[in-house]
Amino acid sequence: MAKEPKKLDAIIVGAGLAGLKAARELKAAGKSFKLLEARDRVGGRSKPGEIAGQTVDFGGQWVGPQQKLLLAEAQEMGVETYAQYAEGHSIVDIDGSLKRYKGEIPKLSMFSLLELALVEKRWTKECAALPEGAPWLAARAAEWDAQTLESWILRYVKTKHARTFARVVSRAVFCVEPSQLSYLYFLEYLKQGHGLECLTGVVGGAQQDKFVGGAWQIPSRMANRVEGDIILEAPVHYIVQGEAGVTVVCEKGTFEAERLIMAVPPALAGRITYNQPLPVKRDGLMQRMPMGSVIKIHVVYETPFWREAGLSGMATSNNRAFNVVFDQTAPGSDIGMLVGFIDSLHAVELSGYSEDQRCAGVIADLVHYFGPEAANPIAYAENDWTADEWSRGCYAGTMAPGTLTGYGEALRAPVGRIYWAGTETATEWMGYLDGALQSGIRAAKEVIEAIN
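Residues numbered from 1 in each chain as written. Predicted model: local features only at pLDDT ≥ 70, side-chain atom pairs only at ≥ 80, totals over all residues. Heavy atoms only, no water.

Peer 1: Explanation requested: the overall build of the chain in the structure shown.
Peer 2: Along its length, the chain carries 16 helices and 20 strands. The C-alpha atoms of the chain give a radius of gyration of 22 Å, which matches the 22 Å a tight globule of 452 residues would have. Looking at the chain as a whole, 59% of its 452 residues are labelled buried. Approximately 18000 Å² of the chain is accessible, and the part contributed by carbon and sulfur atoms is 52%. Taking the 46 positively charged and 53 negatively charged side chains of the chain as two groups, their mean positions are separated by 5 Å. (Helix = DSSP H or I, 4+ residues; strand = E, 2+ residues; numbered from the N terminus. Rg over C-alpha atoms; globule rule 2.2 N^0.38 Å. Buried < 20%, exposed > 50% of the residue type's maximum accessible area, 1.4 Å probe, protein only. Areas by Shrake-Rupley, 256 points an atom, 1.4 Å probe, with all protein chains shown as cover. Lys, Arg positive; Asp, Glu negative; His and termini not counted. Charge placed at Lys NZ, Arg CZ, Asp CG, Glu CD.)

Written out as structure tokens, the structure is:
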């Protein structure tokens, strides 16, 4: 093993957007560092893929007008945006019954719509009661963190379709079942995402725009700005910290630095060996933040036939495996493309199937939504995030009851010379690319202040 001859100011573990942003901040401050990445690429949960001769996003891809950090980073990197196609009717499938609707809210019974409005109003009020960055300090934190989103739904939501809508939100946004999700964590995520309407919406919401050529270009171009300080295929195995600094042992050598930024999900940080036992709350947190489960899928057709039928290409289902679908046709393209997700327990189950089996199921669901023209795609591509060794799932780490109140204060608290980044540690847009950037800025600032 090679040994870095010079002691660095910092080592960063993980070259996703959080690690890359931290690297850029350190470089701007004149600090020396190495960025160690286990994969053979940068980007983390932002990943390029290929289908029908086009490069697409196998990872995160949307941006909303409220996500200022991501938009600013994209602008600096020269990556432009375009609007998510949303013209025409969208489709909702509830228990096999298809309905078309326009706008953001599906056609439900009057009583369900009234109840949903009341539920959203209640969520907004309860989100406002959460202290910024410290939801575990809320007056009702213990009560809210003692129940799942599902138990809350069963207690407070009465109409069938309103319950169905709330459950679909859990699967689509968190990639877990509502029975696996702390109600307090749900409220915190909702608050960070500017409320339910913004979090789930297209026009004016978090799915309003996409990036020309793909969001993956942003981390790729960020990496070019710190080229020479990134070491790929270098999974970290062992971290030693003491009074003199931090030593990191990875497959590409041993590196020494004053400080370390851990910019990987808690579930992965917990797989690294540390010479000193981490504080109980930090160690416990890393054991209690499993990743969501999702498989992202692109399907290509000769034309965007759904547009000709007056459809937006958006479809949602409460029980189909391929349960969230969007139009993914690139501007000026002749071919039609759909993108969507198999999430939560469907992803857990279908991850064990063959790609051909998953493809057959996806096509069957698309035929159900859009009719027989969906039966004959010309290309299919998927990325199973549940099987990704260096993510262990997507979109982010989640929390079951008791986690936030018992261990949440360890999320961002430094441990000796180790500082924590990653979208899971954000205080705005946690779980999103924007949140990853915010966390990288914060962690870099903490390290710079500690060194100075």
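Peer 1: What should I look at first to understand the packing of helix α2 (residues 68–77) against helix α9 (residues 217–225) in this one?
Peer 2: When two helices pack together, you describe them by how their axes are tilted relative to each other and by the distance separating the axes. At their nearest, the axes of α2 and α9 sit 10 Å apart, and the two run at 60 degrees to each other. By the angle class used here, α2 and α9 are oblique. Crossing of α2 against α9: the hand is left-handed. Residues Leu70, Glu73, Ala74, Glu76 and Met77 of α2 pack against Ile218, Arg221, Met222 and Arg225 of α9. Of the residues assigned to the contact of α2 with α9, the class counts are five nonpolar, no polar and four charged. (Axes fitted to C-alpha atoms, helices over the stretch in contact; angles between N-to-C directions. Parallel < 35°, antiparallel > 145°, perpendicular 65-115°, else oblique. Left-handed = near helix turned anticlockwise from the far one by under 90°. Contact = heavy atoms within 4.5 Å. Nonpolar A, V, L, I, M, F, W, Y, C, P; charged D, E, K, R; others polar.)

Peer 1: Would you explain unusual backbone geometry in this entry?
Peer 2: Comment: phi is negative for the bulk of residues other than glycine, and the bulk of peptide bonds are trans. With an omega dihedral of 5 degrees, the bond running from Cys394 to Tyr395 counts as a cis peptide bond. The residue Tyr395 is located in the loop between β19 (379–384) and α15 (403–407) in this model. Of note in this structure, Ala52 is not a glycine but carries a positive phi near 50 degrees. One can find Ala52 in the loop between β3 (48–51) and β4 (54–57). A residue is classified by how much of its surface remains accessible, and Ala52, at 40% relative accessible area, is partly exposed.

Peer 1: What is the right way to read the layout of surface pockets from this model?
Peer 2: Over the atoms, a rolling probe the size of a water molecule traces out where space has been left empty. The space that makes up the second largest pocket amounts to roughly 200 Å³. Those elements giving two or more residues to the lining of the second largest pocket turn out to be β4 and β9 (209–211). Looking at the lining of the second largest pocket residue by residue, the classes come out as seven nonpolar, six polar and two charged. (1 Å grid on protein atoms, 1.4 Å probe; cavity = no way out; pocket = protein on both sides within 12 Å on 5 of 7 lines; lining within 4 Å. Points joined across faces, edges and corners; volume = space filled by probe spheres on them.)

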